Amino acid sequence: MTEIKFSKYPFGTKIRHHVSTNNYLPIEELKFIPESYPEALKTIDWTSLFANGNAPKYLDIGCGRGKFLILRSFELSNDNILGLEIRPEPVNWINDVVEGESIGNCRALHYSVANNMPFVESNSVNEIYYLFPDPWNKRKHYKKRAFTAKFVSECHRVLADDGKLFLATDVPEVHTYQINLLSKTGLFDVKILNSRDEWQLPVTNKERFCIRKNIDVYRTICTKVKPSVGG
Ligand SMILES: C[S@@+](CC[C@H](N)C(=O)[O-])C[C@H]1O[C@@H](n2cnc3c(N)ncnc32)[C@H](O)[C@@H]1O
């Protein structure tokens, strides 16, 4: 595996923990669109993002500071991975590292998944990672959660047959909320893991913090259930 000296890439600007509330909402729910709102892209020219010009087969949703995204790209040398992130600062930083290290199969995009992923073709993605989402625990903040019935259905649409959605969180309420929602939709076979042994994936920035502090992590692997004929 390629080694990167991340210290070569200092963060130039302070990274905010969150952006303003409107940025988390779907564009059609807004009365006015803030200047900082991520562009609600409908199409993407993949040749502008990836060396081989192909669409990504792996998506890291809410990629944050991108350690997982970059390490995962090393394991997928022939396939592309795209990180989607609502905060612009980590996106710029990740893409600086990607360019500085000439990593052709990895990119981060300033984008909110509240607007679905219309630029991703149906049945085209092998794996989606949704790791350590912001918990938004207070009822008044629920509307900022990206994990909604619409999101689950969008993940189901873009995943190929037998494609997988990987979930991890350290917040028990978020784990329960996600499992209940998945079970209501019936779109995935859900397997809750008892240990990290079955999780063959690099450690994320947040996961590293949890491991260091001995915080329990809930990991789930969801396999796309094929739509029935005509369904
Ligand atoms: C707690 S961080 C976890 C980051 C990374 N996955 C990790 O495990 O270290 C959650 C990330 O999701 C991003 N996020 C929240 N809502 C989003 C949305 N609607 N679209 C894209 N990214 C979002 C946040 O900005 C933040 O970077």
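What this report covers is the structure whose coordinates are included nearby. (Residues numbered from 1 in each chain as written. Predicted model: local features only at pLDDT ≥ 70, side-chain atom pairs only at ≥ 80, totals over all residues.)

1. Considering the overall build of the protein
Then, in step 1: In terms of regular secondary structure, the protein is built from 5 helices and 7 strands.
Then, in step 2: Going residue by residue from the N terminus, the α and β elements of the protein occur as β-α-β-α-β-β-α-β-α-β-α-β.
Then, in step 3: Over its C-alpha trace the protein gives a radius of gyration of 17 Å, about what one expects of a compact globule, namely 17 Å for 231 residues.
Then, in step 4: In terms of overall dimensions, the protein has a C-alpha envelope of 45 × 45 × 40 Å along the principal axes.
Then, in step 5: For the protein, the proportion of its 231 residues judged to be buried stands at 32%.
Then, in step 6: In the protein, 74% of the contacts between residues at least 6 apart in sequence involve partners at least 24 apart. (Helix = DSSP H or I, 4+ residues; strand = E, 2+ residues; numbered from the N terminus. Rg over C-alpha atoms; globule rule 2.2 N^0.38 Å. Buried ≥ 20, exposed ≤ 12 C-beta atoms within 10 Å, placed from the backbone. Contact = placed C-beta atoms within 7 Å.)

2. Thoughts on the nonpolar core
Then, in step 1: If you look at the biggest cluster of nonpolar residues, it comprises 42 residues, and the most contacted ones within it are Leu-69, Leu-84, Ile-128, Tyr-130 and Leu-165.
Then, in step 2: Sorting the residues of this core by element identifies strand 1 (58–61), helix 1 (67–75), strand 2 (81–85), helix 2 (88–100), strand 3 (106–110), strand 4 (125–131), helix 3 (149–158) and strand 5 (159–169) as the ones contributing at least two each.
Then, in step 3: Sorting elements by how many residues they give to this core places strand 4 first, with 5 residues. (Core = buried A, V, L, I, M, F, W, Y, C linked by C-beta atoms within 7 Å.)

3. Brief notes about the packing of helix 3 against helix 4 (residues 172–185)
Then, in step 1: Between helix 3 and helix 4, the least distance of the axes is 10 Å, while the angle of their chain directions is 65°. In the crossing of helix 3 with helix 4, the sense of the turn from one axis to the other is right-handed. Here helix 3 contributes Ala-149, Val-152 and Ser-153 to the contact with helix 4, which in turn contributes Leu-181, Leu-182 and Thr-185.
Then, in step 2: A per-class count over the contact of helix 3 with helix 4 returns 4 nonpolar, 2 polar and no charged. (Axes fitted to C-alpha atoms, helices over the stretch in contact; angles between N-to-C directions. Left-handed = near helix turned anticlockwise from the far one by under 90°. Nonpolar A, V, L, I, M, F, W, Y, C, P; charged D, E, K, R; others polar.)

4. Structural notes on the pairing of strand 7 (residues 218–224)
Looking along a regular strand, one sees the side chains alternate between the two faces of the sheet.
Then, in step 1: Relative to strand 7, strand 5 runs antiparallel, the two sharing 6 bridges. Bridging across to strand 7, Ala-168 finds its partner in Arg-219.
Then, in step 2: Pairing between strand 6 (residues 188–192) and strand 7: 5 bridges, direction antiparallel. The residue bridging Phe-188 from the neighbouring strand is Lys-224, located in strand 7. (Pairing = 2+ DSSP bridges.)

5. Brief notes about the site of the ligand
Then, in step 1: Looking at the ligand, there are 20 residues lining it, with Gly-62, Gly-64, Thr-204, Asn-205 and Lys-206 nearest.
Then, in step 2: Going through the elements one at a time, strand 2 and helix 5 (205–212) are the ones with two or more residues in the shell around the ligand.
Then, in step 3: Ranked by residues supplied to the shell around the ligand, first place goes to helix 5 with 3 residues. (Near = placed C-beta within 6 Å.)

6. Focus on the environment of Val-91
Then, in step 1: By the secondary structure assignment, Val-91 is in helix 2.
Then, in step 2: Note: C-alpha distance between Val-91 and Val-203 (112 residues apart in sequence) is 19 Å.
Then, in step 3: Apart from the residues lying within four places of it in its own chain, the contact partners of Val-91 are Glu-85, Ala-108, Leu-109 and His-110.

7. Structural notes on the environment of Pro-135
Then, in step 1: Within the secondary structure layout, Pro-135 lies in the loop between strand 4 and helix 3.
Then, in step 2: Residue Pro-135 is classed as partly exposed on the basis of its C-beta count, with 15 C-beta atoms lying within 10 Å.
Then, in step 3: Distance from Pro-135 to Asp-170, taken between C-alpha atoms, is 9.1 Å for residues 35 residues apart in sequence.
Then, in step 4: Residues contacting Pro-135, with those up to four places away along its chain left out, are Val-171 and Val-174.

8. Concerning the pairing of strand 1
Then, in step 1: Residues Tyr-58 and Asp-60 line one face of strand 1 and the alternating positions Leu-59 and Ile-61 line the opposite face, and both faces are buried.
Then, in step 2: Tracing the backbone out of strand 1, into helix 1 and back to the parallel element strand 2 gives a crossover that is right-handed.
Then, in step 3: Pairing analysis gives 3 bridges linking strand 1 to strand 4, with the strands arranged parallel. Residue Leu-59 lies in a different strand from strand 4, and its bridge partner there is Ile-128. (Right-handed = clockwise from strand over helix to strand, strands pointing away.)

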